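So you can see what is in the structure, the chains are spelled out below.
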Amino acid sequence: MRITFKNLTSIYHQNTPFEHLALNDINTTFEEGVYYGIIGHTGSGKSTMIQTLNGLLLPSRGEVHAGDILLRRKSKQKDIHRVKKHVGMVFQFPEHQLFEETVLKDVMFGPKNMGMDETVAQEKAEYYLDLLNIDASLFQSSPFDLSGGQMRKVAIAGILAMEPEVLILDEPTAGLDPKSHIETMALFKRIHQEMGITVILVTHDMNDVYEYTEYVKILSGGHLVREGRTTDLLTDEKLLERFALEPPDIVKLTHDLENKGIIFDSVPRNVEQFTELYEEWRAGNA
Ligand SMILES: Nc1ncnc2c1ncn2[C@@H]1O[C@H](COP(=O)(O)OP(=O)(O)OP(=O)(O)O)[C@@H](O)[C@H]1O
Ligand SMILES: [Mg+2]
C-alpha cells in the first residue's frame with residue numbers, strides 16, 4: 001500500500017489558546033515495500049507524522065491517501081478503520097498495552113477485532129508467536145508473568161498477526177538490553193524482507209537508521225526538510241549537524257580515518273563492511 005501526504009498540516013488544540021502547529025504543509029510519499037526511517041530532533045513532528053499515517057490523527061488541513069482510501073479532517077470512522085487494518089503500529093513500550101488473560105488471547109485480539117474468525121485468528125496468533133520465539137508452553141500464561149523482553153515480543157506478535165501491509169515502529173528498541181535490541185531489529189529486517197511489507201522506523205538511534213533503512217525523511221520544526229537515500233543523507237555530516245542530528249558511529253569513524261589518510265572506496269554500512277574495507281585498505285597499503 002502506497003501512502004501519500006498532500007499539503008498535510010497537523011495542529012494540536014486548534015482554535016484554542018493551546019494551539020500548536022506540529023506538521024506544516026508536508027508533501028511526501030511512502031512507496032510500497034520500502035524500509036523508511038523518519039528522523040529529527042525531539043519535538044520535530046515524527047510521532048505526529050506516523051499517527052497521521054494510520055488514521056490515529058486526522059489532518060487539520062490537507063489529505064492522506066492510503067492506497068485507495070482518502071483521509072481528511074472530517075473522515076468517517078469507516079475509512080479510519082480501513083486504514084488501521086492495513087497500517088500496523090508498534091508504539092513505544094508496546095508491552096504496556098497488553099491486557100488479556102493469556103498470551104494467546106492477547107495476540108488474537110487484534111485479528112479478531114479486524115474481523116477474522118476465531119480459528120483463523122488463533123492460527124495467525126500461534127504462527128507469529130512462534131516466529132518471535134515465544135514457546136508454545138507460554139501461550140496460556142498471563143502476559144504479565146513474562147519477562148520484559150518476552151512481553152514486548154508478545155505485543156509485537158499482536159500487531160504482526162493482523163498482517164499489516166505497512167508496519168510503523170516508534171522507538172521499538174527503547175529500554176531493551178543490547179542483545180534484545182539487535183534481535184528485535186534483525187526480526188524487523190527479516191519481516192521486511194520475507195513479507196515484503198513497508199516498514200517505517202522512527203528512532204533517535206542513528207546507527208539503526210543507517211544500518212537498516214533504505215530511505216530517510218528528516219523533520220525539523222514540523223517541516224519535512226530533506227528526504228532521500230539513507231546512504232546519501234546519513235553520510236553528510238554537515239547536513240546532520242544543521243538539524244542537530246548525530247552521524248552514525250560508523251560514519252564518524254570512517255571520516256576520522258579519512259582525516260588520518262586512511263581512505264576507503266566507500267562508506268561502510270555496518271561493522272562487517274567496515275572490517276572488510278579496512279582489510280582491503282591494509283592489503284593495498286602494506
Ligand atoms: N497531544 C499534544 N498536544 C499538544 N501538543 C503536542 C501534542 N503532541 C505533540 N505535541 C507537540 O507537537 C510537536 C511535535 O511532537 P511529536 O510528538 O510529533 O514530536 P517527535 O518528533 O515525535 O518528538 P520525540 O522525538 O520527542 O518523540 C511538539 O512540539 C510537541 O510538543
Ligand atoms: Mg515521538
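Computed from a prediction, not measured in an experiment: that's the story for all the values here. (Residues numbered from 1 in each chain as written. Chains lettered and ligands numbered in written order. Predicted model: local features only at pLDDT ≥ 70, side-chain atom pairs only at ≥ 80, totals over all residues. Heavy atoms only, no water.)

Q: What's the story with the pairing of strand 3 (residues 35-39) in this structure? I'm lost.
A: Walk down a regular strand and you will see the side chains alternate between the two sheet faces. Counted residue by residue, strand 3 has five buried out of five residues, so it is predominantly covered. Of the two faces of strand 3, the one lined by Y35, G37 and I39 and the one lined by Y36 and I38 are each fully buried. As paired elements, strand 3 and strand 8 (residues 198-202) share four bridges and run parallel to each other. From the neighbouring strand, I38 faces strand 8, where its bridge partner is V202. In this sheet, strand 9 (residues 215-220) lies alongside strand 3 in parallel orientation, the contact comprising four bridges. Among the inter-strand pairings, I39 is bridged to a residue of strand 9, identified as I218. (Buried < 20%, exposed > 50% of the residue type's maximum accessible area, 1.4 Å probe, protein only. Helix = DSSP H or I, 4+ residues; strand = E, 2+ residues; numbered from the N terminus. Pairing = 2+ DSSP bridges.)

Q: Would you take a moment to explain the sheet that holds strand 2 (residues 20-30) for this structure?
A: By way of backbone hydrogen bonds, the strands of a sheet pair with one another, either parallel or antiparallel. Ordered by their spatial adjacency, four strands build an open sheet running 2-1-4-5, and the pairing between neighbours is antiparallel. Looking at which strands have only one partner, the edges of the open sheet turn out to be strand 2 and strand 5 (69-71). Put simply, the sheet's adjacent strands are angled 25 degrees from each other on average, direction ignored. Alignment of strand 1 (residues 3-12) against strand 2, held across seven bridges, turns out to be antiparallel. Within the sheet, the bridge partner assigned to T4 lies in strand 2 and is T29. Packing of helix 1 (residues 46-53) onto the sheet brings it into contact with strand 1, strand 2 and strand 4 (61-66), and relative to strand 2 it is tilted by some 55 degrees. Running at roughly 115 degrees to strand 5, helix 2 (residues 77-86) makes contact with strand 4 and strand 5 of the sheet. (Axes fitted to C-alpha atoms, helices over the stretch in contact; angles between N-to-C directions. Contact = heavy atoms within 4.5 Å.)

Distances and angles like these do not, on their own, reveal function.
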